Amino acid sequence: MASAQVLLVALLLSISIFYAEGGALQYGFYGTSCPSAEGLVNSAVTAAINDNKRTAAGLIRLLFHDCFVEGCDASILIDSTDGNTAEKDATPNLTIQGFDVIDSAKASIEAVCPGIVSCADIVALAARDSVRQLAGISYQVETGAHSIGKAHCGAFSNRLYNFDSTSNTDPSLDSSYAANLKAMCPESNTNNETVTDLDLITPTTLDSQYYSNLINNRGLLTSDQTLYTSSSTQQQVILNANSYWWEDQFSDAMQAMGRIGVKTGSDGQIRQYCRVVKA
């Protein structure tokens, strides 16, 4: 499992948005300077999710991927230029959705509060609003989760065919679940666009079902199922299968992640367009 995945798992097993002012973070920083900011972000997120519920997973994932590369600085939104391949075009980020939602929210905010609200805060707020709409979990943001989302066949086909010298199929994968996956992703499959839900039971709901799936050997990705087969994390999986425990832990984890490498005061910049670095 990659180190970033391990750290993410640690946070999820263990966002109030922080706003930056004078090198510190605080709740409600835009309450006076741009009181409509959070409402405008929520409107953009709500409209996008109503159009395509998968957008919520994309916005949550967008925050994860941004924060684990040099901190929560919205650098993942920046477009590539001649001679410079941007973070968003790195292989792990090519399937991320939600950039257009951030653009929409930013444009709405700039129309009423130009040069006030940072792109990083918009990303964090959009993730928070997605969590609230999917799971009913609300938290403040100071200015993951594989529970929702989909994966392409190529991300898990190694578990279905020619797994190792003794087993064709990963023995830690439930046999009936493996059969369903093979039907969806045959060995001869050449369609790279075929996808399946990361959580087969509640695919569009952000909840603790993911952990119950692991206990039942129905984790889709190797990195997921390893959380249960590894003695170092198995007990945490069992605890998080309890929905009440998980909701508490998830809120705390999102808040903790939102503080990673945040640029405050003069260390950051308020970009007019989130895709372009301010000159």
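For the structure itself, consult the block above.
Bear in mind that the values here come from a model prediction, so they are computed numbers and not experimental data. (Residues numbered from 1 in each chain as written. Predicted model: local features only at pLDDT ≥ 70, side-chain atom pairs only at ≥ 80, totals over all residues. Heavy atoms only, no water.)

### Things to note about the nonpolar core
Now for step 1: Ranked by internal contacts, the top residues of the largest apolar core, which has 46 residues, are Val41, Leu62, Leu77, Ile102 and Ile109.
Now for step 2: Tallying contributions element by element places helix α6 (residues 119-135) first for this core, with nine residues.
Now for step 3: Setting aside residues no more than four positions away along its own chain, Ile109 makes contact with Cys34, Ala37, Leu40, Val41, Pro114, Val117 and Ile122.
Now for step 4: Counting 13 residues, the second-largest nonpolar core is a separate cluster that includes Phe156, Leu160, Tyr161 and Tyr177. (Core = buried A, V, L, I, M, F, W, Y, C linked by side-chain atoms within 4.5 Å. Buried < 20%, exposed > 50% of the residue type's maximum accessible area, 1.4 Å probe, protein only. Helix = DSSP H or I, 4+ residues; strand = E, 2+ residues; numbered from the N terminus. Contact = heavy atoms within 4.5 Å.)

### Quick look at unusual backbone geometry
Most peptide bonds take the trans form, and the phi angle of most residues other than glycine is negative.
Now for step 1: Not every positive phi belongs to a glycine, and Ala74 is a case in point at roughly 65°.
Now for step 2: In this structure, Ala74 sits in the loop between α4 (54-67) and α5 (99-112).
Now for step 3: Even without being glycine, Asn162 reaches a positive phi, approximately 50°.
Now for step 4: Here Asn162 shows up in the loop between β3 (150-152) and α7 (175-184).

### A look at the packing of aromatic side chains
Now for step 1: A full pass over the atoms with the stated rule returns one aromatic pair.
Now for step 2: A cation sits over an aromatic face here: Lys88 above Phe99, 4.4 Å from the ring centre. (Phe/Tyr/Trp six-rings, centres within 6.5 Å; stacked < 30°, edge-to-face > 60°. Lys NZ or Arg CZ within 6 Å of the ring centre and 35° of its normal.)

### Section: the packing of helix α3 (residues 37-51) against α5
Now for step 1: In contact at an axis separation of 9 Å, α3 and α5 are set at 145° when each is read in the N-to-C sense. In this structure, α3 crosses over α5, and the sense of that crossing is right-handed. Residues Ala37, Leu40, Val41, Ala44, Val45 and Ala48 of α3 pack against Val101, Ser104, Ala105, Ser108, Ile109 and Val112 of α5.
Now for step 2: In the contact of α3 with α5, the residues fall into ten nonpolar, two polar and no charged. (Axes fitted to C-alpha atoms, helices over the stretch in contact; angles between N-to-C directions. Left-handed = near helix turned anticlockwise from the far one by under 90°. Nonpolar A, V, L, I, M, F, W, Y, C, P; charged D, E, K, R; others polar.)

### Brief notes about the state of the cysteines
Now for step 1: In this structure the tally under the stated criterion is three disulfides.
Now for step 2: Across the disulfide from Cys34 sits Cys113; the S-S distance is 2.2 Å. Note on the Cys34 and Cys113 pair: the S-S dihedral is about 85°, so by sign convention the disulfide is right-handed. Note that Cys34 is positioned in the loop between α2 (30-33) and α3 and Cys113 in the loop between α5 and α6, a separation of 79 residues in sequence.
Now for step 3: Overall, the relative accessible area of 1% leaves Cys34 in the buried class.
Now for step 4: Among the residues examined, Cys113 registers a relative accessible area of 7% and is labelled buried.
Now for step 5: One disulfide in the model links Cys119 with Cys274; its S-S distance is 2.2 Å. Taking the torsion about the sulfur-sulfur bond, which here is approximately -95°, the covalent link between Cys119 and Cys274 counts as left-handed. (Disulfide = S-S within 2.5 Å.)

### Concerning the side chain of Lys88
Now for step 1: Here Lys88 is to be found in the loop between α4 and α5.
Now for step 2: The exposure class assigned to Lys88 is buried, which follows from its relative accessible area of 8%.
Now for step 3: A polar atom in the side chain of Lys88 sits 3.1 Å from the backbone oxygen of Leu77.
Now for step 4: If we ignore the near neighbours within four places in the chain, the residues touching Lys88 are Ile76, Leu77, Ile78, Asp79, Asn93, Leu94, Phe99 and Arg275. (Polar contact = N/O pair within 3.5 Å; in protein donor to acceptor, adjacent residues only side chain to side chain.)

### Points about α6
Now for step 1: Given a rise of 1.5 Å per residue, 17 residues ought to cover 24 Å, and the 24 Å separating the end C-alpha atoms of α6 matches this to within 8%.
Now for step 2: With its phi angle positive at about 75°, Gly136 sits one or two positions after the end of α6. (Expected span 1.5 Å × (residues − 1).)

### Re the pattern of salt bridges
Now for step 1: A complete count under the given rule lists ten salt bridges for this structure.
Now for step 2: The residue Glu110 makes a salt bridge to Lys106 at a minimum N-O spacing of 2.9 Å. Of this pair, Glu110 and Lys106 both sit in helix α5, four residues apart, which is roughly one turn of that helix.
Now for step 3: For the salt bridge of Lys150 with Asp197, the shortest nitrogen-to-oxygen distance reads 2.6 Å. With Lys150 in strand β3 and Asp197 in strand β4 (residues 195-197), the pair connects residues that are 47 residues apart, well separated along the chain.
Now for step 4: Residue class for Lys150 comes out partly exposed when judged on its relative accessible area of 33%. (Salt bridge = Lys/Arg side-chain N within 4 Å of Asp/Glu carboxyl O.)

### Topic: the side chain of Gln225
Now for step 1: With respect to the helices and strands, the residue Gln225 is situated in helix α9 (residues 222-229).
Now for step 2: Among the residues examined, Gln225 registers a relative accessible area of 1% and is labelled buried.
Now for step 3: Within polar-contact distance, the side chain of Gln225 engages the backbone oxygen of Leu214 at 2.9 Å.
Now for step 4: Ignoring anything within four residues of it in the chain, the contact list for Gln225 reads Arg159, Ser172, Leu214, Asn217, Arg218 and Gly219.

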